[in-house]
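Breakdown of the fold
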Amino acid sequence: MNTVIQGIRIRRAVGVVVTTGAVLASGALHAAPAQAAAAPTIAAKGGYVMNNGTGKSLYTKAADTRLSTGSTTKIMTAKVVLAQKNLNLDAKVTIQMAYSDYIVANNASSARLIVGDKVTVRQLLYGLMLPSGCDAAYALADKFGTGSTRAARVKSFIGKMNADAKNLGLKNTHFDSFDGIGKGNNYSTPRDLTKIASSAMKNANFRAIVKTKKYTAKTTTKTGSTRTMAPWTNTNGLLSSYSGTIGVKTGSGAVAKYCLVFAATRNGKTVIGTVLASTSSTQRETDAKKLLGYGFSKA
């Protein structure tokens, strides 16, 4: 009896070994897959990242929450200008006292345009996007709005900004200013702003402007002589600190806090995104770098 039982036990043991061996041979037992990169933690209230080529969402944090946009609004300002039919980038705009007064009254960021100087549309776009000149924004809105008064032209231009947002299918974006200095009704979301920037980046002139680190404008003075302006430096620090960065725009303000719409290309893939209401100018870049790194790992 003992011998029989032992024989059964031996056969069972051998069966377990054989079965286990078969499982191992089939590869059914294998090492656990490596953990996917964890989504980063950012200081910004809202964030969004997508693959610019496919439109695939790669990261969201309060991505559809309406927030103040600060000067990232100027992405749409530039987009509207560059979409004008028969646009002449070399057309000249005379800088008005109203633009200077506006800067002083609002303690706004400035391209330091000189009243009376004639500045090309191209130069105004660089002044808008690099040093974030609210004077340049005002000049462009005055130039490309329609109406018999400056106020009417500005209102018309802002209307074009909102029409563009609507055409993009954005339901959480509204502009009440040409530069982000709104009256409490200037807002967007991380997702919407990213989509605006992605659309703007289809324009070659826009791409060239937002990846430029420094630009020197030569304007025409009242007397017809040439004025060489102090160089405009891009406020987007990622252009110097994150390899592959190709844009896009910073923003800040008492309500908006610190914002950054960013884009970078690596290994043939472009990742684009937005952080809104971060805690400092340094932190918004740290947030963006985290999101870019994560985005490229998933793109």
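Overview of the structure. (Residues numbered from 1 in each chain as written. Predicted model: local features only at pLDDT ≥ 70, side-chain atom pairs only at ≥ 80, totals over all residues. Heavy atoms only, no water.)

Buried residues dominate helix α2 (residues 74-82), accounting for 9 of its 9 residues. Those residues of α2 not exposed but buried are K74, I75, M76, T77, A78, K79, V80, V81 and L82. (Buried < 20%, exposed > 50% of the residue type's maximum accessible area, 1.4 Å probe, protein only. Helix = DSSP H or I, 4+ residues; strand = E, 2+ residues; numbered from the N terminus.)

Let's shift gears to the side chain of K74. Secondary-structure assignment places K74 in helix α2. Here the side chain of K74 touches S132 through a polar contact of 2.7 Å, landing on its backbone oxygen. Apart from the residues lying within four places of it in its own chain, the contact partners of K74 are S109, L128, M129, S132, G133, C134, A137, F178, D179 and K249. (Polar contact = N/O pair within 3.5 Å; in protein donor to acceptor, adjacent residues only side chain to side chain. Contact = heavy atoms within 4.5 Å.)

Following the criterion strictly, the structure yields 6 salt bridges and no others. The shortest N-O distance in the salt bridge between R191 and D64 comes to 2.7 Å. Placement of R191 in helix α7 (residues 190-200) and of D64 in the loop between β2 (57-61) and β3 (67-68) is noted, with a sequence separation of 127 residues between them. The class of D64 is partly exposed, set by a relative accessible area of 40%. Among the charged side chains, a network of salt bridges with common partners joins D142, R150 and R153. (Salt bridge = Lys/Arg side-chain N within 4 Å of Asp/Glu carboxyl O.)

Here the distance between the centres and the angle between the planes together describe a pair of aromatic rings. For the structure on display, the rule yields 7 aromatic pairs. When the centroid spacing of 6.1 Å and the interplanar angle of 15 degrees are considered together, the rings of Y215 and W232 count as stacked. You can see Y215 sitting in strand β7 (residues 214-215) and its partner W232 sitting in strand β10 (residues 232-233), a full 17 residues away along the chain. When its relative accessible area of 5% is taken as the criterion, W232 is described as buried. (Phe/Tyr/Trp six-rings, centres within 6.5 Å; stacked < 30°, edge-to-face > 60°.)

By themselves, these are just geometric observations and shouldn't be taken as functional.
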